[in-house]
Amino acid sequence: MIELGAKPTAATPLDTLSPSLRRASAPASPLAALAPSLLDDAPAARAATVVVSTPNTAPSREPGLQQQLGRLQQGLDYLDRLAQTLQGLKSTLSRSLAQGQASVALPLQVGQLRQLWQQRSEQSAGRVDSQLQAGPSDEPARQRFKLRGLDLSVLERGGPETLRLQVPGRASSQGGALTLSVTLDGEGTQDQLQTLARALAPAGLSVDAQGQELVFSVAESQWPALRDGLMVKGDGRRFPSGQPVRARLEATPDVLQPQQWNVADAVGQRQALGQVLQAQPRLAQAREVLGEQLREVQEQAQPASGLAAGEAEALAGALQTRFQQGDYAAQQALTSAVRGLHKQRVRQLLG
């Protein structure tokens with residue numbers, strides 16, 4: 001329990017005079033604590049005593065919670081800066097197209113966007129991928145790609161075949177690259193797709209169907225090694241038998257490609273404006289996802305026994321009202337008058 005009087009000191013002058021000068025009752029809640037007590041030796045003055053229960057405000061000890069908060073905040077900050085850059089570029093592109101000539105500010109703005117986009121993974125703490133999508137709060141951004149020669153139509157023909165994939169950067173228990181094996185039944189069913197997904201999971205790979213295409217994904221940090229070193233071997237139906245050959249992977253194009261823009265003419269300006277317009281709603285959605293994740297993590301970090309936001313606001317308002325009343329002013333005047341009195345001096349006066 002913490003008792004709040006006129007001044008929040010360790011021992012107020014009222015305490016040094018006599019225990020009978022102040023009587024405080026412990027209310028059921030902080031909001032019910034605003035009740036004055038009478039001073040025995042000074043009936044004209046009334047003291048307002050507020051008794052506040054101190055909740056357990058120890059920070060959450062859940063491992064990685066603070067790091068998770070930091071990453072989400074960093075991701076939101078990056079999206080805010082990217083949104084501001086895109087909006088400025090959009091206005092300049094629109095004005096240039098309307099006037100029929102490129103603005104002198106265009107090259108500088110495109111250069112700023114190019115630099116910001118190249119630093120996306122680092123500055124967003126891995127929370128935003130190249131498609132401006134935010135994944136689950138406990139997973140890094142992923143790179144999407146296609147494996148040439150493998151889609152739903154390929155799965156549906158050619159008969160059964162066992163594929164063996166050698167994944168670089170994922171050492172097996174025996175050492176070397178991790179080798180995955182999956183048997184295709186040649187029917188292309190949903191069960192076959194799930195079987196493929198389960199086989200790829202130990203390597204951190206995932207797969208999903210989009211129309212007739214199979215879209216794979218991997219953590220962005222793994223993508224360079226996978227792109228340059230994934231090996232595949234089949235039974236000679238869909239993929240060659242014998243020695244493994246290097247798989248041909250095609251990364252899904254970034255939603256923004258400012259390094260390819262030529263904004264010197266109207267054609268290039270329209271291309272750039274089209275990508276900006278496509279990126280803005282994705283950015284807004286990603287920010288909404290990260291904002292929701294941040295709120296959830298913040299709720300986990302709050303101590304269970306703390307005051308809710310509404311209760312805290314009500315308590316602050318009640319304190320302000322109470323301290324503006326006359327009895328508090330009287331207590332303030334009294335404590336100012338006896339501020340210089342100490343315990344030994346009072347004993348001498350009463351002796």
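Residues numbered from 1 in each chain as written. Predicted model: local features only at pLDDT ≥ 70, side-chain atom pairs only at ≥ 80, totals over all residues. Heavy atoms only, no water.

Novice: Please provide a residue-by-residue account of the nonpolar core, values included.
Specialist: Counting residues in hydrophobic clusters, the biggest one holds 32 residues, and the most contacted among them are Leu82, Leu132 and Trp261. For this core, the secondary structure elements donating two or more residues are helix H2 (65–99), helix H3 (106–118) and helix H8 (266–301). Residues contacting Trp261, with those up to four places away along its chain left out, are Leu89, Val110, Leu113, Leu256, Gln271, Ala272, Gln275 and Val276. Leu147, Leu196, Trp223 and Val232 belong to the second-largest nonpolar core, a separate cluster that totals 30 residues. (Core = buried A, V, L, I, M, F, W, Y, C linked by side-chain atoms within 4.5 Å. Buried < 20%, exposed > 50% of the residue type's maximum accessible area, 1.4 Å probe, protein only. Helix = DSSP H or I, 4+ residues; strand = E, 2+ residues; numbered from the N terminus. Contact = heavy atoms within 4.5 Å.)

Novice: Could you give an account of H3, naming the residues involved and the relevant values?
Specialist: Between its first and last C-alpha, H3 extends 18 Å over 13 residues, near the 18 Å set by a 1.5 Å rise per residue. Three or more residues of H3 are buried, namely Leu106, Gln109, Val110, Leu113, Leu116 and Trp117. Down the axis of H3, the buried set is contained in an arc of 125°. They therefore lie on one face. Opposite the buried face of H3, at more than 90 degrees from it, the exposed residues are Pro107, Leu108 and Gln118. Those residues of H3 that are buried lie in contact with H2, helix H4 (120–123) and H8. (Expected span 1.5 Å × (residues − 1). Arc of directions from axis to C-beta.)

Novice: Explain the sheet that holds strand E10 (residues 245–246) to me, using residue names and the numbers behind them.
Specialist: Across the sheet, which stays open at both edges, the 4 strands sit in the order E6-E5-E9-E10 with antiparallel pairing between neighbours. Lying at the two open borders of the sheet, with one neighbouring strand each, are strand E6 (178–184) and E10. Where strand E9 (residues 231–233) and E10 come together, 2 bridges link them in antiparallel fashion. Directly across from Val232, in E10, lies its bridge partner Val245. Here helix H6 (residues 190–200) sits on the sheet in contact with strand E5 (161–167) and E6, set at roughly 170° to E6. (Pairing = 2+ DSSP bridges. Axes fitted to C-alpha atoms, helices over the stretch in contact; angles between N-to-C directions.)

Novice: If you had to explain the side chain of Gln293 to someone new, which residues and values would you point to?
Specialist: Along the chain, Gln293 turns up in helix H8. For Gln293, a relative accessible area of 10% puts it in the buried group. Among the polar contacts listed, one links the side chain of Gln293 to the side chain of Arg127, at a separation of 3.1 Å. The residues touching Gln293, leaving out its near neighbours within four places in the chain, are Leu72, Arg127, Gly135, Pro136 and Ser137. (Polar contact = N/O pair within 3.5 Å; in protein donor to acceptor, adjacent residues only side chain to side chain.)

Novice: Can you lay out the confidence of the model for the protein chain for me, pointing to particular residues and giving the numbers?
Specialist: Per-residue confidence for the protein chain averages 78 on the pLDDT scale, and 68% of its residues sit at or above 70. Segment residues 1–61 is flagged for pLDDT under 50; beyond a separation of four residues in sequence, or across chains, it makes 100 contacts in the model. (pLDDT = per-residue confidence, 0-100.)

Novice: Could you give me a rundown of the packing of aromatic side chains, with the residues and numbers involved?
Specialist: According to the stated counting rule, one finds 2 aromatic pairs in the structure shown. With a centroid separation of 5.7 Å and 20° between ring planes, the pair formed by Phe145 and Phe216 is classed as stacked. One end of the pair, Phe145, is in strand E4 (residues 142–147); the other, Phe216, is in strand E8 (residues 213–219), with 71 residues separating them in the sequence. In this pair, the class of Phe145 matches that of Phe216, namely buried. Plain terms: the ring middles of Phe145 and Trp223 are 5.2 Å apart, the flat faces sit at 35° to each other, and that makes the pair tilted. A residue pair is termed long-range when its members are at least 10 positions apart, and Phe145 in strand E4 and Trp223 in helix H7 (residues 223–229) qualify at 78 residues. We classify Trp223 as buried; its relative accessible area is 9%. (Phe/Tyr/Trp six-rings, centres within 6.5 Å; stacked < 30°, edge-to-face > 60°.)

Novice: Any chance you could break down unusual backbone geometry for me, citing the residues and the numbers?
Specialist: Look at Ala125: it is not a glycine, yet its phi comes out positive at around 55°. For Ala125, the location among the structural elements is in the loop between H4 and E4. A relative accessible area of 23% places Ala125 in the partly exposed class.

Novice: Outline the pattern of salt bridges, listing residues and values.
Specialist: Tallied over the entire structure, the rule returns 11 salt bridges. Arg287 is the salt-bridge partner of Asp80, the closest N and O atoms lying 2.6 Å from each other. Taken as a pair, Asp80 in helix H2 and Arg287 in helix H8 lie far apart in primary sequence, 207 residues in all. Two residues, Arg238 and Glu161, come together in a salt bridge whose shortest N-O distance is 3.2 Å. Of the two residues, Arg238 sits in the loop between E9 and E10 while Glu161 sits in strand E5, which places them 77 residues apart along the sequence. The pair Arg238 / Glu161 is uniform in exposure class, with both members buried. Several salt bridges share partner residues, and in doing so they unite Arg227, Asp228 and Arg246 into one network. (Salt bridge = Lys/Arg side-chain N within 4 Å of Asp/Glu carboxyl O.)

Novice: Got a sec to walk through the packing of H2 against H8? Specific residues and values, please.
Specialist: Relative orientation of the contacting elements H2 and H8 amounts to 155°, with a least axis distance of 8 Å. Our classification of the angle between H2 and H8 gives roughly antiparallel. At the point where H2 passes H8, the crossing takes the left-handed sense. When its residues are assigned to classes, the contact of H2 with H8 shows 23 nonpolar, 12 polar and 4 charged. (Parallel < 35°, antiparallel > 145°, perpendicular 65-115°, else oblique. Left-handed = near helix turned anticlockwise from the far one by under 90°. Nonpolar A, V, L, I, M, F, W, Y, C, P; charged D, E, K, R; others polar.)

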